[in-house]
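Each chain is listed here by its residues.
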Amino acid sequence: MYKYLQEDKNNINEIINQFYNYSKNILSDFDKRNIGLRPKDFDIEFINNEGIGFLNTLEKFNKKYEKHLSSSMGSRYFGFVTGGATPASLIGDWLSSLYDNNVTNLGESCSGDITLETIHQLKNLFELDNSFDGIFVSGATMSNFVGLATARQWFGNYYDIDVAVDGIQRLNEPLNIYSASPHSSIYKSLSMLGLGKNALKSIKTNENSESIDIDDLEENLKKQNNIPCIVVANAGTVNTVSFDNLKEISKLKEKYNFWLHVDAAFGGFARCSSKYKHLIQNLEDADSITIDAHKWLNVPYDSAMHFTKHLKLQFEVFKNAAAYLKPNFSNNNYVHLTPENSQRLRALPAWFSLNAYGKKGYSEIIQRNCELASDIGDKIKNSDKFVLLSDVILNGILFTLYVKELTSELINKFVNDIRDDGRIFITPSVYNNIPCLRLSISNWQTEQSDMDIAWDALNDVFDKIN
Ligand SMILES: Cc1ncc(COP(=O)(O)O)c(C=O)c1O
């Protein structure tokens, strides 16, 4: 065995001890570090011929990179929609690497059973019944891709065409996709699926909202003349956190022939809270659903769920036959149900977290995050420095600066100055042509004291640039 491999194998206890102390320091220091960090140019080095062994590598990592990694898992990172990692999920993630099992149901491990049970528990959490099956994928983008790929198969089946075998070139009718404010990953998925981004037909939104105008949707569905199509409903848009009215869309499903895919990447978590679940009624009427785990479930990247009522169709799309792999259909034979073949035991971090904190734990996180969002939304509304652009519905706040000349450059400067200030991190956006800011709260640790710091940071940076 090569000398450093042998050395590290012999010294595994020392390695684990060093790593243990290192991790403890990082975990206790997250809030003392700058939350976001200015990108820096690093020297890109060639591979070292001899290698240097693990402990030297850890030291090298510390010197070169450690100080430049952001605290995106901490309580004051409010950019995009970013969750942290609960203690239980972090350990689950480490165990997933420790066991390094491949979830392909090869008849030699319970990894598929753990995944199945985790999906079952998530269905309980989101109040989805047993008409749904589920899988883990790398993120909501991939989950949206799986939903649209399966819908494409359903569309082909209607015309007796197996798209998985014969391809979209056999389709004689165009497959239209209707949505009002789809996430960019829907377009990306359409590109990957060969359907093309222009297959998405935009539906009007309701006034002062990104939610779908049901009448306009119905007008378009009528024009389909019974040709099947897809409706992508959004449960929590990134800017205004708008929810499409799934109850009304479900009623349309009785009259028109469409596949309903719901992108509930983070909005799905409203189902965990008695106070917010009214936002997402009738989710159970969807054909397929996207919910991210690395957002509000607070498990480490990368992890998301895809729930479907059409597992057989999903199997048709993703089955992967080889001399050594029989394409047998079952609800935990993941190699035939997911875009990936080999895949890590992604369910384990979620399993640990769900078991450790239960329904009540998640309900508390969601409710606390949303109440904090509502409070800071009120402060922004009453401030003479900021303008609230949309009512706070869940955990996201969309706002801008109250200045004479509002430009994208000023917003970018504000975001960069906030980053350099170090107390919080937020991200820019544009809404109705207005350059603006987004602050999204989805971390299990965020508390009132964090929001007090956030409010001071926002005001201080505003005063500095104005
Ligand atoms: C509504 C929605 N859909 C899809 C995505 C894509 O998620 P991911 O980055 O996990 O692929 C996001 C990410 O912010 C989202 O908010």
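Residues numbered from 1 in each chain as written. Predicted model: local features only at pLDDT ≥ 70, side-chain atom pairs only at ≥ 80, totals over all residues. Heavy atoms only, no water.

Draft legend 1. Layout of the overall build of the protein. Looking only at helices and strands, one finds 14 helices and 11 strands in the protein. Taking 466 residues into account, the globule formula puts the C-alpha radius of gyration at 23 Å, and the protein, at 24 Å, falls close to it. Projected onto the principal axes, the alpha-carbon positions of the protein cover approximately 65 × 65 × 45 Å. In the protein, which comprises 466 residues, the proportion classed as buried is 53%. The contacts in the protein between residues at least 6 apart in sequence include a share of 71% that link residues at least 24 apart. Counting 47 positive and 58 negative side-chain charges, the protein places the centres of these two groups 1 Å from one another. (Helix = DSSP H or I, 4+ residues; strand = E, 2+ residues; numbered from the N terminus. Rg over C-alpha atoms; globule rule 2.2 N^0.38 Å. Buried < 20%, exposed > 50% of the residue type's maximum accessible area, 1.4 Å probe, protein only. Contact = heavy atoms within 4.5 Å. Lys, Arg positive; Asp, Glu negative; His and termini not counted. Charge placed at Lys NZ, Arg CZ, Asp CG, Glu CD.)

Draft legend 2. Molecular detail of the pairing of strand 10 (residues 427-431). In strand 10, alternate side chains face the same way, and those of Thr 427, Ser 429 and Tyr 431 are buried while those of Pro 428 and Val 430 on the opposite face are not. Bridging between strand 10 and strand 11 (residues 434-440) involves 5 bridges; their strand directions are antiparallel. Following the sheet pairing, Ser 429 is matched in strand 11 by Cys 436. Where strand 10 folds back onto strand 11 in an antiparallel hairpin, the turn is made up of 2 residues, including Asn 432, whose phi is positive at roughly 50°. (Pairing = 2+ DSSP bridges.)

Draft legend 3. Inspection of the site of the ligand at higher detail. The full set close to the ligand counts 14 residues, and Thr 141, Asp 263, Asp 292, His 294 and Lys 295 are the nearest of them. Coverage of the ligand by the protein amounts to 82% of the 390 Å² it exposes when considered alone. Among the elements that line the shell around the ligand, the one with the most residues is helix 6 (residues 140-158), at 3 residues. (Near = heavy atom within 4 Å. Areas by Shrake-Rupley, 256 points an atom, 1.4 Å probe, with all protein chains shown as cover.)

Draft legend 4. Broad picture of the environment of Tyr 65. Structurally, Tyr 65 can be placed in the loop between helix 3 (54-64) and helix 4 (87-99). The class of Tyr 65 is partly exposed, set by a relative accessible area of 34%. Sequence separation between Tyr 65 and Phe 42 is 23 residues, and the spatial gap between their C-alpha atoms is 8.9 Å.

Draft legend 5. Representation of the environment of Lys 309. Mapped onto the elements of the fold, Lys 309 is located in the loop between strand 7 (304-308) and helix 11 (311-318). Relative accessible area serves as the criterion here: at 30%, Lys 309 is assigned to the partly exposed category. Between the C-alpha atom of Lys 309 and that of Gln 18, which follows or precedes it by 291 residues, the distance is 47 Å. The contacts of Lys 309, once residues within four sequence positions are left out, are Ser 131, Phe 132, Glu 284, Asp 285, Ala 286 and Asp 287. At 3.1 Å, the side chain of Lys 309 and the backbone oxygen of Ala 286 are in polar contact. (Polar contact = N/O pair within 3.5 Å; in protein donor to acceptor, adjacent residues only side chain to side chain.)

Draft legend 6. Broad picture of the packing of aromatic side chains. A full pass over the atoms with the stated rule returns 17 aromatic pairs. Relative to Phe 307, the ring of Phe 126 lies with its centre 6.2 Å away and its plane at 70°, an arrangement referred to as edge-to-face. With Phe 126 in the loop between helix 5 (111-125) and strand 1 (133-137) and Phe 307 in strand 7, this pair connects stretches of sequence that are 181 residues apart. What makes Phe 307 buried here is its relative accessible area of 0%. For the ring pair Phe 315 and Phe 329, a centre distance of 5.2 Å and an interplane angle of 75° mean the geometry is edge-to-face. (Phe/Tyr/Trp six-rings, centres within 6.5 Å; stacked < 30°, edge-to-face > 60°.)

Draft legend 7. The confidence of the model for the protein, seen in detail. On average, residues of the protein score 96 in pLDDT, and 100% of them reach the 70 mark or higher. Of all secondary-structure elements in the protein, the lowest mean pLDDT belongs to helix 2 (residues 12-29), at 91, while strand 6 (residues 288-292) reaches the highest, 99. (pLDDT = per-residue confidence, 0-100.)

Draft legend 8. Representation of the sheet that holds strand 8 (residues 386-388) in the model. Pairing in this open sheet of 4 strands is antiparallel, and the strands run 8-9-11-10 from one edge to the other. Strands at the two margins of the open sheet, each flanked by one partner only, are strand 8 and strand 10. Pairs of neighbouring strands in the sheet enclose a mean axial angle of 45°, with direction left out of account. Strand direction decides the pairing type here: strand 8 and strand 9 (residues 396-401), joined by 3 bridges, are antiparallel. Pairing of Phe 386 across the sheet is with Leu 401, part of strand 9. Helix-sheet contacts for helix 13 (residues 408-421) involve strand 8, strand 9, strand 10 and strand 11, and the interaxial angle to strand 11 is about 25°. On the sheet, helix 14 (residues 448-465) packs against strand 8, strand 9 and strand 11 and is oriented at approximately 125° with respect to strand 8. (Axes fitted to C-alpha atoms, helices over the stretch in contact; angles between N-to-C directions.)

Draft legend 9. The sheet that holds strand 5 (residues 258-263), seen in detail. If you walk across this open sheet you meet the 7 strands as 1-7-6-5-4-2-3, and the pairing is mixed. The open sheet is flanked by strand 1 and strand 3 (200-202), the only strands paired with a single partner. Strand-to-strand twist in this sheet, taken as the mean axis angle between neighbours without regard to direction, amounts to 20°. Bridge count between strand 5 and strand 6: 3 bridges; the pairing is parallel. Its bridge partner lying in strand 6, Asp 263 is registered against Thr 290. Sitting on the sheet, helix 8 (residues 184-192) touches strand 2 (177-179), strand 3 and strand 4 (229-234), and the angle it makes with strand 3 is about 150°.

Draft legend 10. Examining the packing of helix 6 against helix 11 more closely. In the contact formed by helix 6 and helix 11, the axes pass within 9 Å of each other and the chain directions differ by 95°. The angle between helix 6 and helix 11 places the two elements in the roughly perpendicular class. Two secondary-structure elements touch here, helix 6 through Phe 145, Val 146, Ala 149, Thr 150, Gln 153, Trp 154 and Asn 157 and helix 11 through Leu 313, Gln 314, Glu 316, Val 317 and Phe 318. (Parallel < 35°, antiparallel > 145°, perpendicular 65-115°, else oblique.)

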